[in-house]
Amino acid sequence: MASIPHDYHMHSEFSIDSDVPIAARCERAIELGLVEICVTDHADFVPASRSNGYYRADAYFAEVERCRAMYGDRVTLRAGVEIGEWHIYPDRASELSDTYPYDVVLGSLHRVGEETVMLPDYFHPRSELEAYEAYYTELLAMVRHGGFDVMAHLDVPKRYGFTVFNRYVSMEYEGMIREVLRAAIERGIGLEINTGTARRTVGEPSPDLEVLHWYRELGGEIITVGSDAHRTEDMAYGF
């Protein structure tokens, strides 16, 4: 089997939305022939969110070190975190990322204002154009603020918007997406290819090939690949 370079987006029992031990991540990576993995559990600071305060960095790093000692000769285990809405909670986000020795810090946007884009309910009161334009406007603000290494799942709302509108076409938002990509390149922020989106009805990763072409045309050079696995069986999905 040809080796797969890395899977830099997955979750473990230290994330509110997963119950997979980090050791199980390492064992599955070895089975798959993954060279490196990074466990990027959610750290969220939205007061109304169930995940606010759930993530425990000390316990996470203790388990990472234990697993490195157990599996380090067979797979490289990187320490990571996925921080949501960085620009809204910059002090707490920076404090976390500066305090601990993370290898990869993902910046993600799951909310627009008080609403999560991770549910079909976000789309129902809006037109397709209104829903995505509001998201990309907020994403641009987050990327311009910066502070993180890699922008996670750039067009993640299509996971759920596709089930409402039965379509998603990147070209219709090209101007806004290119702005986001330019800002990322200027800030030295990488772009993630997230195959977790391909597991949904939309059937394509975040972002799609068209957006990757734009990123390259604009001079983008930093790419990571992540399965966004919350279950063991989804690691390296579609790689």
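Report on the accompanying structure. Quantities reported herein were computed from a predicted structural model and do not represent experimental measurements.

## Details of the layout of surface pockets
- In this structure, the largest pocket encloses a volume near 500 Å³.
- For the lining of the largest pocket, the class distribution of residues is six nonpolar, eight polar and nine charged.
- If you trace the second largest pocket, you find it lined by A43, D44, F45, N52, G53, Y54, Y55, R92, E95, L96, T99 and Y100.
- If one sorts the elements of the lining of the second largest pocket by residue count, helix α3 (residues 90-99) sits on top with four residues.

## So, unusual backbone geometry
- In the segment running from S206 into P207, the intervening peptide bond is cis, with an omega of -5°.
- Within the secondary structure layout, P207 lies in the loop between β8 (190-194) and α7 (209-217).
- We note that A236 has phi near 60°; this positive angle belongs to a residue other than glycine.

## Points about the pattern of salt bridges
- Within this structure, the stated rule accounts for 18 salt bridges.
- Here D228 ties to R159 by a salt bridge, and the two come within 2.8 Å at their closest N and O atoms. In this pair, D228 sits in the segment after β9 (223-226) while R159 sits in helix α5 (residues 158-165), placing the two residues 69 residues apart along the sequence. Considered together, D228 and R159 belong to a single accessibility category, that of buried residues.

## Section: the pairing of β9
- Only one face of β9 is buried, namely the one carrying T224 and G226, since none of I223 and V225 on the opposite face is buried.
- Pairing geometry for β8 and β9, over four bridges, is parallel. Counted as the bridge partner of L191 is I223 from β9.

Conventions and cut-offs
- Residues numbered from 1 in each chain as written.
- Predicted model: local features only at pLDDT ≥ 70, side-chain atom pairs only at ≥ 80, totals over all residues.
- Heavy atoms only, no water.
- 1 Å grid on protein atoms, 1.4 Å probe; cavity = no way out; pocket = protein on both sides within 12 Å on 5 of 7 lines; lining within 4 Å.
- Points joined across faces, edges and corners; volume = space filled by probe spheres on them.
- Nonpolar A, V, L, I, M, F, W, Y, C, P; charged D, E, K, R; others polar.
- Helix = DSSP H or I, 4+ residues; strand = E, 2+ residues; numbered from the N terminus.
- Salt bridge = Lys/Arg side-chain N within 4 Å of Asp/Glu carboxyl O.
- Buried < 20%, exposed > 50% of the residue type's maximum accessible area, 1.4 Å probe, protein only.
- Pairing = 2+ DSSP bridges.

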